[in-house]
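Take a look at the letters that make up each chain.
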Amino acid sequence: MTLRPLIALSALMLALAACSDGTPQSEAQASAILPTIGTSGHSQSNTPAKQIFGAERVASVGAPAPFGSYSKGCVAGAAQLAETGPTWQAMRLSRNRNWAHPATVDYVKDLSRKAAQQPGWNGLYVGDLSQPRGGPMLTGHASHQIGLDADIWLRPADNLTLSVAQRESISSISLRRERGAFVNDNWTRQHHEILKAAASDPRVARIFIFPGAKVKMCKDATGDRSWLNKIRPWYGHHYHFHVRLACPAGAQGCVNQAPPPPGDGCADAEAWVQTILNPPPPDPNAPPARPRRQILLADLPQQCANVLQ
């Protein structure tokens, strides 16, 4: 690889780090702003936080409040998205992940009404939000911890009378082709319009979807393109798109992710697509990736101890 493409690729990966589902900027900010449970001598400080929060079945009592960052925190006073509404159905109910900050529940309902206006869609199939008290999950996501993340299925919600059993067995559909470099034949204009509506809401900080979808929307968008800034390419995200809301106004102890770089982000998405199609050779001198350390209860903000009471 010549020097210029290498520099371009490095710049791209630095920009994409700002979009990471792991939100490294937020973790650093949270550590600086919020004292952790580890400083309080909690009896379960050294227990993996996912075991504790994954066992909670209902929300905590009290005012709604997100604490910490998207990938290291919890949520107090969460609301439960109803299993079925006029324009949505919550999926995979056995996971008990249809809980979130009330702002997220309201957002999902609002977006589902807009989706229901699209031909062939009666609303939305809603995937994981958060656990009843947020926190790390037993399986799956690194984020979704403070009640401000939502996964929306890319399968058209044409039937809102699915049984609980059907919602366990039915799957979403993939929209990607060539490892995510392009969309496939399942992509429709309705997907474009729903994602545009999702990103145009001022409550949204960013939306994650596979690179080929971002490039497709960049090519098809006309008029005001400002909403494209919030559509960020990321690995996976071809069966669903991931909505991340900004911290609600006045939410003390909630740490926002760094904002996306200015502009529509289309050049970065196209560069990512080119990297998918023409991947650089592996670096034989690269050190092996370190396994991610489990988040212990001690690592979470002190407020999370109260959320567990």
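Residues numbered from 1 in each chain as written. Predicted model: local features only at pLDDT ≥ 70, side-chain atom pairs only at ≥ 80, totals over all residues. Heavy atoms only, no water.

(A) View of the pattern of salt bridges. Counted under the stated rule, the structure contains eleven salt bridges. Taking the shortest distance from any N to any O, the salt bridge between D149 and R244 comes out at 2.8 Å. Of the two residues, D149 is situated in strand β8 (residues 149-153) and R244 in strand β13 (residues 240-245); the sequence distance between them amounts to 95 residues. A relative accessible area of 0% means that R244 is categorised as buried. Through salt bridges that share partners, D110, R113, D201 and R203 make up one connected network. (Salt bridge = Lys/Arg side-chain N within 4 Å of Asp/Glu carboxyl O. Helix = DSSP H or I, 4+ residues; strand = E, 2+ residues; numbered from the N terminus. Buried < 20%, exposed > 50% of the residue type's maximum accessible area, 1.4 Å probe, protein only.)

(B) How the structure looks around the confidence of the model for the protein. Overall, the prediction assigns the protein a mean pLDDT of 90, with 89% of residues at 70 or greater. Note that pLDDT drops below 50 for residues 1-20; the model gives that stretch 29 contacts with residues more than four away or on any other chain. (pLDDT = per-residue confidence, 0-100. Contact = heavy atoms within 4.5 Å.)

(C) Quick look at the layout of surface pockets. Of the pockets and cavities examined, the second largest pocket occupies roughly 230 Å³. Its residues placed into classes, the lining of the second largest pocket shows two nonpolar, seven polar and five charged. (1 Å grid on protein atoms, 1.4 Å probe; cavity = no way out; pocket = protein on both sides within 12 Å on 5 of 7 lines; lining within 4 Å. Points joined across faces, edges and corners; volume = space filled by probe spheres on them. Nonpolar A, V, L, I, M, F, W, Y, C, P; charged D, E, K, R; others polar.)

(D) Quick peek at unusual backbone geometry. Phi is positive for R92, close to 50°, though the residue is something other than glycine. Locating R92 in the fold gives a position in the loop between β5 (88-90) and β6 (99-100).

(E) Seen up close, the environment of R206. Mapped onto the fold, R206 is located in strand β11 (residues 204-209). At a separation of 2.2 Å, a polar atom in the side chain of R206 contacts the main-chain carbonyl oxygen of A258. (Polar contact = N/O pair within 3.5 Å; in protein donor to acceptor, adjacent residues only side chain to side chain.)

(F) Up close: empty space enclosed by the protein. One pass over the structure, following the stated rule, counts one cavity of 30 Å³ or more. Considered as a void within the structure, the largest cavity measures approximately 50 Å³ in volume. Lining the largest cavity we find A90, M91, R92, L93, R95, N96, R97, N98, G127 and D128. Grouping the amino acids of the lining of the largest cavity by side-chain chemistry returns three nonpolar, three polar and four charged.

(G) Spotlight on the state of the cysteines. Tallied over the full model, the rule gives three disulfides. At a sulfur-sulfur separation of 2.0 Å, the disulfide partner of C218 is C266. The S-S bond linking C218 to C266 shows a torsion near -90°; that makes this disulfide left-handed. With C218 in helix α7 (residues 211-220) and C266 in helix α8 (residues 266-277), this pair connects stretches of sequence that are 48 residues apart. Taken as a pair, C218 and C266 share a single burial class, namely buried. (Disulfide = S-S within 2.5 Å.)

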